[in-house]
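Reading the structure
Below are the chains, spelled out letter by letter.
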Amino acid sequence: MMTELFDVFPYLENDKVIIRKMDMSDVAALSEISNNDNVYKYISPFLYKKSIKMLETAIKNLGGRDFEKKRLIIAGIYLKDNPNRLVGLAEMFDYRKRANTITVGYRLNEDYWNKKIASNALNLMMEYLVNEIGITTLNAFVMPENIYSSKVLLNNGFVKENYTSQKKNWGGKEIVSVDVYTYRKM
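Structure report, in brief. Given the structure is predicted, the values throughout are model-derived calculations rather than measurements.

Quick word on the sheet that holds strand β5 (residues 101-108)
What links the strands of a sheet is backbone hydrogen bonding, and the strands pair in either a parallel or an antiparallel sense. Spatially, β1-β2-β3-β4-β5-β6-β8-β7 is the arrangement adopted by the 8 strands of the open sheet, whose pairing is mixed. At either margin of the open sheet sits one strand with a lone partner, and together these are β1 (12-13) and β7 (159-168). Relative to strand β8 (residues 175-184), β7 runs antiparallel, the two being bridged by 7 bridges. Bridge assignment links Q166 to a residue of β8, and that residue is S177.

Some remarks on the pairing of strand β3 (residues 72-79)
For β3, a buried count of 8 out of 8 residues is recorded, marking the element as mostly surrounded by other parts of the structure. Bridge analysis of β3 against strand β4 (residues 82-96) gives 8 bridges, and the strand direction is antiparallel. From the neighbouring strand, I73 faces β4, where its bridge partner is M92. Connecting the antiparallel pair β3 and β4 is a turn made up of 2 residues.

Describing the side chain of E161
Structurally, E161 is set in strand β7. A polar atom in the side chain of E161 sits 3.3 Å from the side chain of R184. Apart from residues lying up to four places away in sequence, E161 is in contact with V180, T182 and R184.

What to know about the pattern of salt bridges
Following the criterion strictly, the structure yields 11 salt bridges and no others. The salt bridge involving K49 is made with D37; its shortest N-O contact spans 3.1 Å. Here K49, found in the loop between α2 (37-40) and α3 (52-63), pairs with D37, found in helix α2; they are 12 residues apart in sequence, far enough to count as distant. Given the relative accessible area of 43%, K49 is considered partly exposed. According to the relative accessible area criterion, D37 is partly exposed, its value standing at 43%. As a salt-bridge pair, R71 and D66 come within 3.1 Å of each other at their nearest N and O atoms.

What counts and what doesn't
Residues numbered from 1 in each chain as written. Predicted model: local features only at pLDDT ≥ 70, side-chain atom pairs only at ≥ 80, totals over all residues. Heavy atoms only, no water. Pairing = 2+ DSSP bridges. Helix = DSSP H or I, 4+ residues; strand = E, 2+ residues; numbered from the N terminus. Buried < 20%, exposed > 50% of the residue type's maximum accessible area, 1.4 Å probe, protein only. Polar contact = N/O pair within 3.5 Å; in protein donor to acceptor, adjacent residues only side chain to side chain. Contact = heavy atoms within 4.5 Å. Salt bridge = Lys/Arg side-chain N within 4 Å of Asp/Glu carboxyl O.

Next up, the structure:
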C-alpha cells in the first residue's frame, strides 16, 4: 500500500543529507538563502528577499497550512553532520494526482554549492516520490544558463526534453524560456 503524498510531512535522510520540515530556528539561515542574488539568478522568486517576519510566517505556513491544504511540500535540507543548520530547500509541488506527475526543485545556500548536496537531496526526493508515493513522472525546470542544475538532473536519470516552457519572473526577467527535464519510472 502506497503512502498518499500529503498524509505525513516527509522526513528523508541518507548518509549525507536530511530533508525535513523547517522550524523557527531556521529563520536566519533561510534569510541567508533568500537574500542572495546568486541563488536567485536562475530560479523563481519564491521567498526572495523577505523580511525575517515574513520568513517566519512562511516557515509556519510551509510546514502547516500549505501542506495541509495539499498545495506543496517545501522542506529544509540539512547536512547529516550538522543537522540543525539549514543549507537549502527541497521543493515538491504542482502535484497532479490523476496524471501522476509532480515537479521537483531545490535551492541551496551558495556556501554549499558544488558539494553533491543537490544531488543527494534530489535522490532522496526521487526515492520518496517514486518508491513510497508511487508517482511515475517527475518534472524539473531549469534556466539554460544553470548548467550545474542541469548536470544534477541528468546525473540522476532525468532526460532533457526537446521543448521549453515559459516561466514568469525567473531570475528577475519578465518571461523566460526554461528547459524541461523529466524522470519517468520505467
